[in-house]
Amino acid sequence: MSRIFITGSTDGLGLAAARTLMKEGHDVVLHARSRERAAAISEISAAALGLVIGDLASAAETRSIAEQVNAIGRMDAVIHNAGIYLERSRGETPDGHAKTLAVNVLAPYLLTAWITRPDRLVYLSSGMHRSGSSALDDIDWKKRPWNASQAYSESKLYIATLAAAIARHWPDVLSNAVDPGWVPTKMGGAGAPDDLEMGHLTRIHPSRTAGFWVPRVVMSVHGDR
């Protein structure tokens, strides 16, 4: 039995991963952006180890999330699942950042620093990271005209890079970036062609070696199908 914290676990792949892990007997700590979102999962949260609340767009609330998790106890694994997709505008977080950057990149970075170090870290990336620019002079979109798809792609490139950096600097921690595929969630849309079950299994059953994993690779390694 492991203790596992999952960000963004009120719906979609995060909720699916939580349900599967709890069914397997693990202690899961859930995360909701707000009390209203938390109310939507009251049935599953009653059986969870804990539920923490906070908006990842805010650094102050992100710190509160970390403190809430640490108060529950050390986690064996943290799954950085929460993310946003095509924002219509750059937005403006309480700290002055583009919302896509804040939620998809800065929040996982801060949580990694503030949550007591676990044995395993899993970061949600995407195949769209291949379209991300490696230029770092305007990662916060203060100079460029807003491009929602490009901003998302770059955020997924940055988070994959973070996963690789953690694996290098913390050799005692298993750090993976995972691409769940284009799956039929609220974010992916009903017409998404990939397998929803394999999407969440990709992140909860990663390889024992650090890397960037996609569903087909995980199926091959673990022999799931």
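Just so it is clear, the model here is predicted, and its values are computed rather than measured.

Moving on, we come to the packing of aromatic side chains. Taken as a whole and judged by the stated rule, the model has two aromatic pairs. Where Y85 meets Y152, the ring centres are 4.7 Å apart and the plane angle is 75 degrees; that geometry is what we call edge-to-face. With Y85 in the loop between strand 4 (77-80) and helix 5 (99-114) and Y152 in helix 6 (residues 148-169), the pair connects residues that are 67 residues apart, well separated along the chain. Residue classification places Y85 among the partly exposed residues on the basis of a relative accessible area of 29%. Taking relative accessible area as the criterion, Y152 reaches 7% and is therefore assigned buried. For the pair W141 and W146, a centre-to-centre distance of 5.4 Å together with 70 degrees between the ring planes defines the contact as edge-to-face. Taking relative accessible area as the criterion, W141 reaches 7% and is therefore assigned buried. The cationic tip of R63 hangs over the ring face of W114; the distance from NZ or CZ to the ring centre is 4.0 Å. Between the NZ or CZ atom of R117 and the centre of the ring of W170, over which it lies, the distance is 3.8 Å.

Quick look at the confidence of the model for the protein chain now. Per-chain confidence: the protein chain averages 84 in pLDDT, with 80% of residues scoring 70 or above. Predicted confidence for residues 188-203 stays below pLDDT 50, and this span has 44 contacts to residues more than four positions away or in other chains.

What counts as what
Residues numbered from 1 in each chain as written. Predicted model: local features only at pLDDT ≥ 70, side-chain atom pairs only at ≥ 80, totals over all residues. Heavy atoms only, no water. Phe/Tyr/Trp six-rings, centres within 6.5 Å; stacked < 30°, edge-to-face > 60°. Helix = DSSP H or I, 4+ residues; strand = E, 2+ residues; numbered from the N terminus. Buried < 20%, exposed > 50% of the residue type's maximum accessible area, 1.4 Å probe, protein only. Lys NZ or Arg CZ within 6 Å of the ring centre and 35° of its normal. pLDDT = per-residue confidence, 0-100. Contact = heavy atoms within 4.5 Å.

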